[in-house]
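Structural characterization, general
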Amino acid sequence: MKNVSKSTILVQLDSDPQPSVFDSVVAVDSGAEQLFRHGGVTDAQVRDLVYGAMFTRGPDELHRTAVFVGGSNVLAAEHLFAKVRECFFGPMRVSVMLDPNGANTTAAAAVLAAARHVPLAGATALILAGTGPVGQRVARLLARQGAAVRIGSRARDRASEACGEIHSYFPEAKLQPHETVTSAGRQAALDGAEIVIAAGAPGVELLAASEREASSTLRVAIDLSAVPPAGLEGVDMHDKAQQRGNALCYGALGVGGAKMKIHKSALAQLFTRNDLALDAEEIYAIGAALESA
Amino acid sequence: MKNVSKSTILVQLDSDPQPSVFDSVVAVDSGAEQLFRHGGVTDAQVRDLVYGAMFTRGPDELHRTAVFVGGSNVLAAEHLFAKVRECFFGPMRVSVMLDPNGANTTAAAAVLAAARHVPLAGATALILAGTGPVGQRVARLLARQGAAVRIGSRARDRASEACGEIHSYFPEAKLQPHETVTSAGRQAALDGAEIVIAAGAPGVELLAASEREASSTLRVAIDLSAVPPAGLEGVDMHDKAQQRGNALCYGALGVGGAKMKIHKSALAQLFTRNDLALDAEEIYAIGAALESA
Amino acid sequence: MKNVSKSTILVQLDSDPQPSVFDSVVAVDSGAEQLFRHGGVTDAQVRDLVYGAMFTRGPDELHRTAVFVGGSNVLAAEHLFAKVRECFFGPMRVSVMLDPNGANTTAAAAVLAAARHVPLAGATALILAGTGPVGQRVARLLARQGAAVRIGSRARDRASEACGEIHSYFPEAKLQPHETVTSAGRQAALDGAEIVIAAGAPGVELLAASEREASSTLRVAIDLSAVPPAGLEGVDMHDKAQQRGNALCYGALGVGGAKMKIHKSALAQLFTRNDLALDAEEIYAIGAALESA
């Protein structure tokens with residue numbers, strides 16, 4: 001038997017019935033040599049799958065196998081990610097990345113775009129639709145960089161709940177819940193903010209152009225929706241630091257290039273060691289390193 | 001991160017619970033470097049899968065990703081194929097090939113075999129079991145080459161329906177429905193025909209050897225069934241332009257070599273551009289180019 | 001179209017909903033260039049999958065495609081393995097290996113470990129939990145090497161049944177059923193035995209250290225459980241020919257290195273010819289060849 005050098009293997013775990021083609025293409029383009037694609041993965045199935053990754057190669061080669069947790073259901077993916085990490089003990093582990101629906105890489109790219117124009121420490125940022133999986137991640141990342149973060153939602157109660165969840169990740173976060181379904185609510189939420197990021201469902205307008213333009217403090221406006229109509233009226237999905245009124249604007253595609261670079265760089269790093277666990281914060285750090293490189 | 005050159009990726013969509021190993025082996029042998037295999041694919045799942053193929057690589061590299069729609073259920077595959085094409089807009093598209101159960105490549109190989117011996121324009125051809133997915137494709141291809149095509153079926157009504165469906169693909173087709181379950185019906189359907197092609201279910205005899213040999217006009221007889229007994233009695237599945245009575249005969253394996261070449265050539269072409277949609281007619285053209293090369 | 005050289009393809013059939021990552025990693029590390037992974041495989045699906053492997057490449061290239069049957073359910077895998085072999089006829093076949101839950105490679109490695117220290121022909125061996133899939137395979141292999149084998153079980157009836165099943169594989173086997181749930185039963189079963197192998201469920205102690213040490217004839221003690229507490233009390237899972245009392249002891253990890261080598265060597269051999277069918281006995285022979293190499 002010839003001596004076969006070990007390929008890099010990415011085990012893709014997806015809670016959707018069909019594993020994501022998007023995630024698989026990016027994995028292949030990031031250099032993963034073998035892709036084991038699993039759809040419809042349940043919490044109960046994780047252990048055997050991850051043990052298969054942990055107990056097949058020697059300790060010196062564990063960094064050549066890694067796990068990616070994706071899928072359109074962010075909550076389900078977070079559970080799978082937790083189950084994956086429960087399998088590890090001592091040095092017996094493989095690196096793992098969480099990026100369901102691109103939530104972590106998108107949030108990282110959005111916050112890095114804002115950071116290009118506004119020092120985040122001490123800034124005030126409003127996240128529209130801040131209760132969803134991307135919005136919460138954006139909030140976490142901004143808060144960790146020292147920004148005061150306002151979580152906007154249709155109902156103030158839901159915004160408060162989201163603040164609670166974000167606190168559980170980062171207790172020092174400066175957070176404020178806001179109702180942003182009324183124009184009065186939006187005006188209050190925007191008052192004094194330098195950054196606004198729309199993280200809502202595709203095709204739902206969250207802020208009128210006139211409201212955005214009425215702000216004298218706003219410097220960066222980022223819309224993460226790629227489906228018309230825009231979340232931020234008047235922001236084009238191709239915008240990339242496009243001046244509109246007082247603010248530099250970004251659309252989903254304008255952020256998409258950086259998002260893809262972060263995604264690929266994070267995947268490539270999985271194979272450099274066997275003890276990485278890449279969630280929003282770690283992926284943001286990888287993106288920040290790319291920006292400063 | 002090293003600069004990784006883009007692999008060719010084939011996304012295999014199959015409505016069967018297990019994606020076809022046959023299609024996968026041919027894909028690998030045609031040079032597809034990465035194969036994303038999906039079984040149990042439903043119409044509702046197509047969009048996300050195809051968007052994943054469309055939105056991951058740059059416009060200049062879209063021709064390195066393609067979609068293959070297969071599976072044993074031809075009707076289900078046709079629906080998936082239509083859904084795939086609905087995802088495209090403007091230049092945002094990838095090439096796609098339809099070949100469920102080998103229906104398109106088999107039909108193309110059969111018609112090309114006939115064309116080696118009889119000029120198709122003006123010829124008269126009888127398709128036994130012409131109402132099925134392979135039979136209808138054979139009829140479409142013959143009609144487009146200018147042949148007058150007789151569709152044989154157990155019931156004249158079903159043959160008429162099939163003629164209607166074929167007309168929806170090619171309105172100029174010269175088509176005639178025939179009942180071929182009685183010996184009188186078969187005799188009428190064969191009267192004056194130069195070509196007979198049997199496209200029935202495996203193991204069902206459609207024409208007696210004596211009936212075939214009684215025709216003075218028949219020049220080519222092709223049986224596409226690979227399971228005994230033969231669809232055309234007396235034709236061996238290995239026949240390849242084998243003289244039997246007045247006619248040159250082909251069996252399923254005699255046509256199979258050309259079918260496989262067409263299948264592989266079509267797959268390889270998918271990666272030459274990003275706007276191919278290969279159904280029966282396009283696959284026939286690829287086969288014709290191979291014959292004349 | 002360029003001339004593409006044929007990759008080696010392993011078709012992995014697994015009755016579990018998710019195909020085993022363990023088996024896939026070992027396959028990749030053994031040099032299989034393409035892996036077609038199928039989970040949730042049922043008996044009824046085998047034919048189409050195997051036909052796809054048999055009917056795509058020429059007779060000269062059939063040895064470049066092979067089938068691996070795995071999964072955690074040994075009984076289900078045995079049925080799949082039988083179905084795979086029913087697909088073959090004459091020279092139309094591909095090589096196939098059965099190793100559900102590692103049962104065959106583990107049994108081979110355990111018996112080869114024993115053979116390093118005790119000539120098996122004429123030896124007496126006790127298999128604790130000898131009624132399970134690994135235990136029965138250990139018994140078959142020992143019996144074929146000429147050992148007298150005692151099958152231990154909680155109930156003598158079940159041990160007798162297992163003896164019957166083993167006889168169906170190897171009618172000349174010298175077998176004796178033993179109840180080993182009482183200390184008197186264990187003492188009788190151990191009396192005069194040179195080899196004891198524990199093949200029980202993880203975390204179930206089958207023999208006390210004092211019982212093992214009380215034997216004056218025992219020379220090799222092998223525990224195949226990798227989950228504490230040990231099946232053989234006092235044997236460490238890392239033991240590899242470790243002297244404890246009169247016996248040289250092996251734990252699951254001490255046997256694991258040889259098991260992995262056998263697994264990889266067997267996979268690599270699949271691609272050397274197209275007519276191998278590797279069950280316990282054939283895999284043992286591959287392991288024996290590795291030991292003597």
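Residues numbered from 1 in each chain as written. Chains lettered and ligands numbered in written order. Predicted model: local features only at pLDDT ≥ 70, side-chain atom pairs only at ≥ 80, totals over all residues. Heavy atoms only, no water.

1. With respect to the sheet that holds strand E2 (residues 34-38) of chain C
All names here are of chain C. Reading across from one edge, E2-E1-E3-E4-E12 is the order of the five strands in this open sheet, with parallel pairing throughout. This sheet does not close on itself; its edge strands, each paired only once, are E2 and strand E12 (277-278). Bridge analysis of strand E3 (residues 65-70) against strand E4 (residues 95-98) gives four bridges, and the strand direction is parallel. In the strand pairing of E4, phenylalanine 68 is matched with methionine 97. (Pairing = 2+ DSSP bridges. Helix = DSSP H or I, 4+ residues; strand = E, 2+ residues; numbered from the N terminus.)

2. Describing the interface of chain C and chain B
Contact with chain C, which involves 20 residues of that partner, is made by 19 residues of chain B. Between chain C and chain B, the buried area comes to about 1,500 Å², and carbon and sulfur atoms account for 64% of it. Counting across the interface, chain C meets chain B through one salt bridge. The shortest N-O distance in the salt bridge between Asp29(B) and Arg57(C) comes to 2.7 Å. In this structure, the connection of chain C to chain B is made through five residue pairs in polar contact (both at pLDDT 80 or more). (Contact = heavy atoms within 4.5 Å. Buried area = accessible area lost by both parts, 1.4 Å probe. Salt bridge = Lys/Arg side-chain N within 4 Å of Asp/Glu carboxyl O. Polar contact = N/O pair within 3.5 Å; in protein donor to acceptor, adjacent residues only side chain to side chain.)

3. Remarks on the interface of chain C and chain A
Taken together, the contacts link 19 residues of chain C with 20 residues of chain A. The contact between chain C and chain A buries some 1,600 Å² in all, and 64% of this surface belongs to carbon and sulfur atoms. On the chain C side of the interface with chain A, the three residues burying the most area are Gln18(C), Val21(C) and Asp29(C), jointly 38% of the side's total. Linking chain C to chain A there are one salt bridge. For the interface between chain C and chain A, the tally reads five residue pairs in polar contact (both at pLDDT 80 or more). Of all elements in the fold, only helix H1 (21-29), E2 and helix H9 (252-270) of chain C reach the threshold of two or more residues within the side of chain C that touches chain A. No other element matches H1(C), which puts seven residues into the side of chain C that touches chain A. In terms of residue class, the side of chain C that touches chain A is built from 10 nonpolar, five polar and four charged. (Nonpolar A, V, L, I, M, F, W, Y, C, P; charged D, E, K, R; others polar.)

4. Points about the relation of the copies chain C and chain B
If you rotate chain C by 120° and push it 0.0 Å along the axis, it lands on chain B with an RMSD of 0.0 Å. Both chain copies can therefore be described as sitting about a three-fold axis. When you check the interface residues of chain C against chain B, a mere 5% turn up at the interface there too, and the two sides of the contact use different surfaces. (Least-squares fit on C-alpha atoms with pLDDT ≥ 70 in both.)

5. Considerations on the relation of the copies chain C and chain A
Screw-axis analysis of chain C against chain A gives a translation of 0.1 Å along the axis, an RMSD of 0.1 Å, and a rotation angle of 120°. Little of the interface of chain C is mirrored in chain A: 5% of its interface residues are interface residues there too.

6. Describing unusual backbone geometry
Following Pro228(A), the chain continues to Pro229(A) via a peptide bond in cis, the omega torsion being -5°. Among the secondary structure elements, Pro229(A) is positioned in the loop between strand E9 (220-223) and strand E10 (240-244). Positive phi, close to 55°, is recorded for Ala129(B), a residue that is not glycine. Tracing the chain through its elements places Ala129(B) in the loop between strand E5 (124-128) and helix H5 (133-144).

7. Observations concerning the sheet that holds strand E7 (residues 174-179) of chain B
Residues and elements named next belong to chain B. Strand order in this open sheet of seven strands is E7-E6-E5-E8-E9-E11-E10, and the pairing throughout is mixed. In this open sheet, the two edge strands, each paired with only one partner strand, are E7 and strand E10 (240-244). Across this sheet, the average inter-strand angle for adjacent strands is 20°, counted without regard to direction. Its contacts with the sheet place helix H4 (residues 103-115) against strand E8 (195-198), strand E9 (220-223) and strand E11 (247-250), and it is angled at close to 160° to E9. Against the sheet, helix H6 (residues 156-169) touches strand E6 (148-153) and E7, its axis set at about 160° to E7. (Axes fitted to C-alpha atoms, helices over the stretch in contact; angles between N-to-C directions.)

8. Quick notes on the pattern of salt bridges
Residues and elements named next belong to chain C. With the rule as written, the count across this model stands at 40 salt bridges over all chains. For arginine 137, the salt bridge identified is with glutamate 78, shortest N-O distance 2.8 Å. Of this pair, arginine 137 sits in helix H5 (residues 133-144) while glutamate 78 sits in helix H3 (residues 74-86), and the two are 59 residues apart along the sequence. Glutamate 78 sits in the partly exposed class, given a relative accessible area of 22%. One salt bridge connects aspartate 239 with arginine 244, and the closest N-O pair in it is separated by 2.6 Å. With relative accessibility at 5%, the residue aspartate 239 sits in the buried group. (Buried < 20%, exposed > 50% of the residue type's maximum accessible area, 1.4 Å probe, protein only.)

9. Let's talk about the packing of helix H2 (residues 43-54) of chain C against H3(C)
Residues and elements named next belong to chain C. At a closest axis distance of 9 Å, the pairing of H2 and H3 adopts a crossing angle of 40°. For the element pair H2 / H3, the angle class is oblique. Like other packed secondary-structure pairs, H2 and H3 cross with a definite hand, here right-handed. Note on element contacts: H3 touches H2 through His79, Leu80, Lys83 and Val84, opposite Asp43, Val46 and Val50. Broken down by class, the residue content of the contact of H2 with H3 amounts to four nonpolar, one polar and two charged. (Parallel < 35°, antiparallel > 145°, perpendicular 65-115°, else oblique. Left-handed = near helix turned anticlockwise from the far one by under 90°.)

10. So, H1(C)
Residues and elements named next belong to chain C. The buried fraction of H1 amounts to eight of the nine residues, a majority that puts the element mostly inside the structure. Looking at H1, one finds that the buried residues are Val21, Asp23, Ser24, Val25, Val26, Ala27, Val28 and Asp29. Where H1 begins, the capping side chain belongs to serine 20, and its oxygen is found 3.2 Å from the backbone nitrogen of phenylalanine 22. In the segment just after H1, glycine 31 is the residue with positive phi, at about 105°.

11. Observations concerning the side chain of Lys259(B)
Residues and elements named next belong to chain B. Mapping lysine 259 onto the fold places it in helix H9 (residues 252-270). There is no salt bridge for the buried lysine 259, and the closest opposite charge comes from aspartate 99, which lies 4.3 Å off by N-O distance. Non-local contacts of lysine 259, meaning those with residues more than four positions away in its chain, are made with Phe22, Asp99, Gly102, Thr105, Thr106 and Ala109. (Lys, Arg positive; Asp, Glu negative; His and termini not counted.)

The quantities given are spatial measurements derived from coordinates; they are silent on function.
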